[in-house]
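Results of the structural survey
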Amino acid sequence: MRKRISAAMIAMAALAVSGCSVNKPVTAPETTKESPETTEALKKTETTAPEKTEAETAEETVSSTVPIKLPDYRYTRENFPRMDGSTATVPLGKAIAGAFLNIAPEKAGDLCQFNRTTQSFRNLLSGDADILIVGEPNAKVFKEMDAAGFKYRIENIATDALIFVVNEDNPVDSLTTDQIRDIYSGKITNWKEVGGNDAEIIPFQRNEGAGSQALILKHIMKDTPMVEAPSGLVASEMGELMTAVKSYDNSANAIGYSVYYYANDMKMAKGLKIIAVDGVKPNPETIRNEEYPHRNAYYSVIPEEADLTNEHVKGARVLYDWLVSEDGQRLISSMGYVSVMDVSSFGDVNPKASHDHVDNYTRLDDAPEGSLTELKPRDDYDLILPYEGNALYVSFGNGEEDGYSYLAGYMEGFFDVHGRLITDPVYNSIESMDYYDPVLGNEFSLPYYRAIKYDMPPDPSKFNSEDVDLPESSRHQQLISKDGRFVSPEYGYISGMKDHVMCKLSDETADFEIYDLDSRVVMTLEDLDAANGGTVREKLNIDYLYDVRYSEGYYVFEFSDGYYYIDEKTHKIALGPYGYAEPFENGRAFVRIGDYASIIDTSGKELIGSGYNMAVILSNGSIAANDNIKTDLFDSTGKLIKQLPYGSSVGRYDWGFYIGSYKDGAGWTSIVYDNDGNELVDDTGDFWSFGSKIPVGYAYGNEDGPVSSNSEDRKGIWLRNFITGKELYINGSSYANPFYTIEGTADVPYITVSFYDDATSRSSETVYDAKLKEVHHVNGGINVTSDKLSNKWMFTCSDSDSNHFEIHDKDFKVLLETDGYPSLYDGYALFVCDNASIGLAPDGKEIFCYRMSGSFGNE
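Residues numbered from 1 in each chain as written. Predicted model: local features only at pLDDT ≥ 70, side-chain atom pairs only at ≥ 80, totals over all residues. Heavy atoms only, no water.

**Some details on the pairing of strand β36 (residues 623–626)**
Alternating positions in β36 separate into two faces, I623 and A625 on one and A624 and N626 on the other, with burial throughout. In this sheet, β36 lies alongside strand β35 (residues 614–617) in antiparallel orientation, the contact comprising 4 bridges. Bridge pairing in β36 places I617 opposite I623. In textbook terms, the turn of a hairpin is the stretch between consecutive antiparallel strands, and for β35 and β36 this stretch comprises 5 residues, one of which, G621, has a positive phi near 100°. Remark: 3 residues form the turn of the hairpin made by β36 and strand β37 (residues 630–634), two consecutive strands paired antiparallel. (Buried < 20%, exposed > 50% of the residue type's maximum accessible area, 1.4 Å probe, protein only. Helix = DSSP H or I, 4+ residues; strand = E, 2+ residues; numbered from the N terminus. Pairing = 2+ DSSP bridges.)

**Observations concerning the pattern of salt bridges**
Using the criterion set out here, one finds 30 salt bridges in the structure. We note a salt bridge from D178 to R181, for which the minimum N-O separation is 2.7 Å. Within this pair, D178 and its partner R181 are both found in helix α7 (residues 177–185), separated by 3 residues, close to a single helical turn. In this structure D178 comes out as partly exposed when scored by relative accessible area, which is 48%. In this structure, D379 engages R485 in a salt bridge whose closest nitrogen and oxygen atoms are separated by 3.9 Å. Linking D379 in the loop between β16 (362–363) and β17 (384–396) with R485 in the loop between β23 (475–481) and β24 (493–497), this pair joins segments that are 106 residues apart in sequence. A cluster of three or more residues bridged by salt bridges with shared partners is formed by D365, R378, D380, D416 and R420. (Salt bridge = Lys/Arg side-chain N within 4 Å of Asp/Glu carboxyl O.)

**Considerations on the confidence of the model for the chain**
Overall, the predicted model of the chain reaches an average pLDDT of 81, with 79% of residues at or above 70. Taken together, the stretch residues 231–238 has pLDDT below 50 and engages in 32 contacts with residues farther than four places along the chain or on a different chain. In the model, residues 460–468 has pLDDT below 50 throughout and makes 30 contacts with residues more than four positions away in sequence or in other chains. (pLDDT = per-residue confidence, 0-100. Contact = heavy atoms within 4.5 Å.)

**Considerations on helix α12 (residues 311–323)**
With 13 residues, α12 extends 18 Å from end C-alpha to end C-alpha; this agrees with the ideal 18 Å at 1.5 Å per step. Most of α12 sits out of view: 10 of its 13 residues are buried. N-cap assignment for α12: the residue whose side-chain oxygen lies 2.8 Å from the backbone N of H312 is N310. (Expected span 1.5 Å × (residues − 1). Polar contact = N/O pair within 3.5 Å; in protein donor to acceptor, adjacent residues only side chain to side chain.)

Spelled out as structure tokens, the structure:
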């Protein structure tokens, strides 16, 4: 069996940002105006901007320290516009989705399955896409749309450029377009012919499928054929080309080409320089004002005519306008693209000067550079942590108009808390193991890492925007304990569940091994099959093993004839089959018996009878269940204590539950109750949003009370404690957030209210507790985060005027301060700043620093 594995996934599992200035976005109260007016107004502002120095221009594409203001439109994964576009704009698409959904860009990959430039336009035409983030199309695309009578809106949102690099010791600083064409056609062969040393020119090329190769043919060579290069002078990887130009034959005689996005994002490897073309050096200003000759534009496109009652379409319109707004352009600039607008003219605060980071680590056992290719289990690591190492660039394209190379992430490695580098950056991905708890509605971490390596195909030029066929054996995964004492054999599949990890040798087999938290194998398929008289294997489909769960002594397996509870000690089937089953919580679990919902105990006894459509176990142990007529409330033993109105949906909070339904003319309505079934609020107008951890909700409104989120009369935010009835109106606030995460509900008993100052482009956030008392305020942004190993919930606060971050505990005590957005591992903070991967101990002391390289990569 051969797996379909995306090229970007092979290259790197996560998109990483290589700078200190990683500010989380903040929502804002106003949507942007019509894009033509906004664009014209901003162009007028550009003309009055003072002339920038070369240093200022070079720093322009670094992320702004002023929080980016998002439009006031609530995006979710369900209503997010169907984006399509060029492979070159995949990183931008991920950044957009990440910002709007408040998730890391690497978690937005499923929303950015771009289909290349030409096909993406066809998808827009056929109604299979809502918005394009796309490179410059060829003329045939517009002819197709004109022939179909398809009307569209198109805006230029960013620009890139084809640039040329030489060794920094080469005296040549500029070439003309004609000279470059003559070099690559073989007409000019010596540097002295263009004002340099008397030395042979070594012109490196890219492979035929590379995006930069398509650009040089389009912009430079045109109808002139390129000289056929020896195989040694054809780089199949962008990093390979950069390294070759820098150090070929220990001389300064090589030349190569790239795109500005790549070179700028890489900060250029030491030993290289970008030369001017036709007397113009490429930088954001010369590319933007079209002084630099060889440019490539990127666009946003939407249909002119569409159903605005469709949430996807409406969201696409909002996004389309926002991308040409000040804040949209700042996000584009922060990703390394050259924004159409000069974002420096809007008062952005430049990031503080880069630190001169130096390597701060020792190599394990003084091992030579590059020799630490495997993690060896040892007792003296105490705790191992991941770091980001060499940049990994992926090349997409087969010579068509949208071929490209972009930063896909970083190769990764491990270091320990003693500051020792214990593996070189040899892993394509290192992830902390986690699992999703369907009962608590959140993800939780386990004390393990999953470390992944991929075998690259023999010809890396085969990577493109399509999926790449690779055998299952090309993917190597290992389960590694957080203390480094345990390293598993290689597996093809590893997945977490509560207190356990399931591993399979490959996706092609049902054979599995389950580890507990002490790294012991506690059950295998052979154990399970033998304990049940050899009847399990024949009923176990490999596709059912992707969602095995565990809780309170029982595994939940799906077999071909239903769901079963398996006793963890005897490995025998204890209960089942059911149409569906969830793990036990305090000795009870939700199941489906035939077409009906029920709650059972560990003996299999049904606590509420049959005939219910849905049932939930409340946090106080009571049970709420609805049928086609009413909603019944039972106590923890299954005794009926109250009957409530019918609703098509029933759901729980930690402090109560809701009964919801959709009514013609009124839309979604809900009634919220406490855990004893006492009505707290009838939200027929759908004004209120509710938090799960505390009985506090928020609604948009004005001094007179809550209003619809779409109302022009909204002036601020109302907060209400639904248990006590206490209310608080906060005038001028733009948004509230009960600290949800994309994985679920944060275990944080607070709600935060955001403010945005249009005059200064500054944001602030104020945090309130269940008593509606202000407990914390920050001039910037605040995000909730969970320690990836300990599962402790904490806050990360960012400063509006710098790249400074503070990590707070639940009581808002400052634990650590960093110069980059941090990830936490057992209290240790890891972050990237100025192309250095840095680790801080819980006391704030730097214990590790690895300077990242941009000269390596697989494409």
